[in-house]
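Chains, contacts and geometry: an overview
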Number of protein chains: 2
Amino acid sequence: MYIGVDLGGTNISIGIVDNSGKIKFINTISTNSGQKSKNIIDSIINLINNTIKHSSIVKEDINSIGIGIPGIINQETGKIIECINLPLHDVPLAELVKKEVEIPVFIDNDATLAGLAEYEIGVMKNSTTSVLMTIGTGIGGGIIIDGKLQAGYNGIGSEIGHMIVGQNYYDCNCGRNGCLETFASARALVNYTKKLIKQGNIETSLHKMFSGETDRIDGKMIFEQAVKGDELANKAVNRMVKFLSIGIMNLISVIDPQVIALGGGISNAGDFFLEKVRTEVNNLKYFKTMPIGKIMIAKLGNEVGIIGAAMLGKYWLSK
Amino acid sequence: MYIGVDLGGTNISIGIVDNSGKIKFINTISTNSGQKSKNIIDSIINLINNTIKHSSIVKEDINSIGIGIPGIINQETGKIIECINLPLHDVPLAELVKKEVEIPVFIDNDATLAGLAEYEIGVMKNSTTSVLMTIGTGIGGGIIIDGKLQAGYNGIGSEIGHMIVGQNYYDCNCGRNGCLETFASARALVNYTKKLIKQGNIETSLHKMFSGETDRIDGKMIFEQAVKGDELANKAVNRMVKFLSIGIMNLISVIDPQVIALGGGISNAGDFFLEKVRTEVNNLKYFKTMPIGKIMIAKLGNEVGIIGAAMLGKYWLSK
């Protein structure tokens, strides 16, 4: 058995996962991200201890604990280097947790772990080179080459949402302009839709739905209206697809994966979205017969973070 | 001993290289790229046979032949898939050459092989993850991860000159707009300098040098005038540096190399250029303490193609 912890800005989720990636027990608490570093670390430790205590599994049967971090980490030292949305800077998390729970602890970036989960039991299984793009508020990446997690030399690799792909009308949270995630994330889709509604040149059912209160618009609604043929929603979706396809083609030009999996909230947009992306990437081929990898919707849904974190221990203990 | 063949649009160069990467014998003939596929293949075979015949090395001491191709190849089958500047499409080159010379033959992309050479005996030596960017007429790439050449699943990886990084005022040879090489190659530098001269808003010594005959301007001259403080030349160089740095930072965001080596014609621009690139990449960090790999000028100069091709046989025979 393996424990997987998915640390997010809103919630901390934990699961006990078996050797085949099946979740046997699951629990979630609030992160209280306004807290200090120490409180967040204590929450993680208490959650792990309580989970072991209240589950039917004896501690000796837990091989390892993996923790997914929404930030940049050092695989070797188990330290969190930087976390944009949580007050965790230069924190030796693996060591701190291990000291308290006395089970081997491994940490990695959450998108990288989602990639590991899709590689172990999802759509990237048995691929030699594959990339998971998690498309939600931002865009994260998990790259696996020859069965190896690719975090890069300094632990800052796989940050594919920060590839610069053009000039945009607003800056990225990272302080720069033109990052892929400012064009092609779910948040970017919502931002651009609101901008179009504000401009008021195109009639849209989205405007009527909320009598102009655009704050309640989310990615799901935009896709729903786009499928129904709404002109404005389609314009926004097509811009997102255009830049996401540039991002995918850039990954193809650099690492040429066998599988490119699209995960995160966007995976709910289904075939309507997938077909648009496949068509656009095809249009971006730079010679007609160019062979490219498969573009697929990721398989594992919301629990991918827990599964990937749990698989991390299995991954390292088998090395 | 290993034979390395560097097939270019203008010349075919061949070298006999020892185990440590030292060139023992070298020869060059014209490619006659206007010829048919068969004639180019025959030229390669004759050059290899003549080289062995006229060198002091007996054929039995040649372990292998490596051939660098300016195009997209399949490592496993030894086939050329596509070659933009030569009439070599879907050619089983390794097989054809091997049949005639009776020595094991391996082929790979020329930029990938330049990366291999820098990894074996140049600035990328002993690195876990490294990238060579060859910056000349276009921009090519050679990526080595954990000692392995990364050509990608379909043999189309490492084409880093075709990352889309913005919108440009002219299209790429590949038919698309915004490719890195249309902003940051030596040709892009020359194109943009000519554009600035034509606009005529900035005084420049480059204009005086040629009395307006801008066709004779090349990258070397632009760098020379930039070093001397010429405003227009500096404007053009700074634009090139800006986009090259975006390209480098995109590679960092995806594969986070330990070493990024800058090769090709641009390596002659030396410290003036290197310092500008390092400063600009630093400005593109998305958090202040972000650790990034070393950016260095490649070491091996013009013969990198022959050395890399020769090392290819050593690389595969040791697998």
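What counts and what doesn't
Residues numbered from 1 in each chain as written. Chains lettered and ligands numbered in written order. Predicted model: local features only at pLDDT ≥ 70, side-chain atom pairs only at ≥ 80, totals over all residues. Heavy atoms only, no water. Helix = DSSP H or I, 4+ residues; strand = E, 2+ residues; numbered from the N terminus. Rg over C-alpha atoms; globule rule 2.2 N^0.38 Å. Buried < 20%, exposed > 50% of the residue type's maximum accessible area, 1.4 Å probe, protein only. Contact = heavy atoms within 4.5 Å. Areas by Shrake-Rupley, 256 points an atom, 1.4 Å probe, with all protein chains shown as cover. Pairing = 2+ DSSP bridges. Core = buried A, V, L, I, M, F, W, Y, C linked by side-chain atoms within 4.5 Å. Least-squares fit on C-alpha atoms with pLDDT ≥ 70 in both. Buried area = accessible area lost by both parts, 1.4 Å probe. Salt bridge = Lys/Arg side-chain N within 4 Å of Asp/Glu carboxyl O. Polar contact = N/O pair within 3.5 Å; in protein donor to acceptor, adjacent residues only side chain to side chain. Axes fitted to C-alpha atoms, helices over the stretch in contact; angles between N-to-C directions. Domains from an automatic or database assignment. Parallel < 35°, antiparallel > 145°, perpendicular 65-115°, else oblique. Left-handed = near helix turned anticlockwise from the far one by under 90°. Nonpolar A, V, L, I, M, F, W, Y, C, P; charged D, E, K, R; others polar. Right-handed = clockwise from strand over helix to strand, strands pointing away. Phe/Tyr/Trp six-rings, centres within 6.5 Å; stacked < 30°, edge-to-face > 60°.

Description of the overall build of chain A
Per the secondary structure count, chain A includes ten helices and twelve strands. For 319 residues, the compact-globule estimate of 2.2 N^0.38 gives 20 Å, and chain A sits close to it at 20 Å. If one aligns the C-alpha atoms of chain A with their principal axes, the spans along those axes are about 60 × 50 × 35 Å. Residues classed as buried in chain A amount to 58% of the 319 residues present. For chain A, the proportion of contacts with a sequence separation of at least 24, taken over those separated by at least 6, is 62%. Total accessible area on chain A stands at roughly 13,300 Å², and carbon and sulfur atoms take up 46% of it.

Overview of the sheet that holds strand 10 (residues 148–149) of chain A
Residues and elements named next belong to chain A. Read across the open sheet, the five strands follow the order 10-9-8-11-12; overall the sheet is mixed. Each having just a single partner strand, strand 10 and strand 12 (294–297) make up the two edges of the open sheet. Sheet analysis places strand 8 (residues 129–135) next to strand 9 (residues 139–145), joined by seven bridges and oriented antiparallel. Pairing of Met-133 across the sheet is with Gly-141, part of strand 9.

Comments concerning the nonpolar core
Generally speaking, nonpolar side chains in soluble globular proteins are found buried as a group. Within the largest apolar cluster, 120 residues are counted, with the highest numbers of intra-cluster contacts made by Met-133 and Leu-262 of chain A together with Met-133 and Leu-262 of chain B. Counting residues per element, this core draws most heavily on helix 8 (residues 231–255) of chain A, at 15 residues.

Comments concerning the relation of the copies chain A and chain B
The operation relating the pair of chain copies consists of a rotation about an axis and a translation along that axis. Laying chain A over chain B is done by rotating through 180° and shifting 0.0 Å along the axis; what remains is an RMSD of 0.0 Å. Interpreted geometrically, this transformation is the action of a two-fold axis. Comparing contact sets, 100% of the residues at the interface of chain A also lie at the interface in chain B, consistent with an isologous, same-surface contact.

Quick look at the environment of Lys-125 of chain B
Residue and element names in this part refer to chain B. Along the chain, the position of Lys-125 falls in the loop between helix 3 (110–121) and strand 8 (129–135). Spatially, the C-alpha atom of Lys-125 lies 9.2 Å from that of Val-259, the residues being 134 residues apart in sequence. Residues in contact with Lys-125, not counting those within four places in the same chain, are Glu-118, Tyr-119 and Glu-120.

Some thoughts on the interface of chain A and chain B
In this complex, chain A contributes 46 residues to the contact, which on the side of chain B involves 46 residues. Between chain A and chain B the total buried area reaches about 3,700 Å² when both faces are included, carbon and sulfur atoms providing 61% of it. In terms of surface lost to chain B, no three residues of chain A exceed Tyr-153, Val-254 and Tyr-286 of chain A, which account for 19% of the buried area on that side. Applying the counting rule to chain A against chain B returns two salt bridges. Its salt-bridge partner being Lys-148 of chain B, residue Asp-146 of chain A comes within 2.5 Å of it at the nearest N-O pair. At the junction of chain A and chain B, the tally comes to 22 residue pairs in polar contact (both at pLDDT 80 or more).

Concerning the sheet that holds strand 1 (residues 2–7) of chain A
All names here are of chain A. Overall, mixed pairing links the five strands, which are arranged 3-2-1-4-7 in an open sheet. Looking along the sheet, the strands with just one partner apiece sit at the ends: strand 3 (23–30) and strand 7 (105–109). In this sheet, neighbouring strand axes are inclined to one another by 15° on average, regardless of whether the strands run parallel or antiparallel.

Quick look at the domain arrangement of chain A
Residues and elements named next belong to chain A. For chain A, the assigned domains are domain 1 (2–117 + 302–317) and domain 2 (125–298). Placing the centre of domain 1 and that of domain 2 at their C-alpha centroids yields a distance of 27 Å. With 13 residues of domain 1 at the contact, the number on the domain 2 side is 15 residues. Between domain 1 and domain 2 the total buried area reaches about 1,000 Å² when both faces are included, carbon and sulfur atoms providing 67% of it. Counting across the domain 1 and domain 2 interface gives zero salt bridges. Scanning the region where domain 1 abuts domain 2 turns up one residue pair in polar contact (both at pLDDT 80 or more). Contributions of two or more residues to the side of domain 1 that touches domain 2 are made by strand 5 (72–74), strand 7, helix 3 (110–121) and helix 10 (304–317). Looking at the side of domain 1 that touches domain 2 element by element, the count peaks at five residues for helix 3.

As for the packing of helix 5 (residues 186–199) of chain A against helix 7 (residues 219–227) of chain A
Residue and element names in this part refer to chain A. Their axes nearest at 9 Å, the elements helix 5 and helix 7 cross at an angle of 65°. When the axes of helix 5 and helix 7 are compared, the pair comes out roughly perpendicular. The way helix 5 lies across helix 7 gives a crossing that is left-handed. Where helix 5 approaches helix 7, its residues Leu-189, Val-190 and Thr-193 are matched on the opposing element by Gly-219, Ile-222 and Phe-223. Across the contact of helix 5 with helix 7, the residue classes tally to four nonpolar, two polar and no charged.

What to know about the pairing of strand 11 (residues 259–263) of chain B
When a strand is regular, its side chains alternate between the sheet's two faces. Residue and element names in this part refer to chain B. In terms of residue burial, strand 11 counts as a mostly covered element, since five of its five residues are buried. Burial along strand 11 is two-sided: Val-259, Ala-261 and Gly-263 and Ile-260 and Leu-262, pointing in opposite directions, are all buried. Two strands pair when backbone bridges link them, and strand 11 and strand 12 (residues 294–297) are joined in this way by four bridges, in the parallel orientation. The residue bridging Val-259 from the neighbouring strand is Lys-294, located in strand 12. Handedness of the β-α-β unit built from strand 11, helix 9 (residues 270–283) and strand 12 comes out right-handed.

Some thoughts on the packing of aromatic side chains
Residues and elements named next belong to chain B. By the definition in use, this model includes ten aromatic pairs over all chains. An angle of 85° between the planes, with centres 5.4 Å apart, marks the rings of Phe-223 and Phe-273 as edge-to-face. With Phe-223 in helix 7 (residues 219–227) and Phe-273 in helix 9, this pair connects stretches of sequence that are 50 residues apart. When sorted by exposure, Phe-223 lands in the same class as Phe-273, which is buried. Considering the side-chain rings of Tyr-315 and Trp-316, the 5.0 Å spacing of their centres and the 80° angle between planes classify their relative orientation as edge-to-face.

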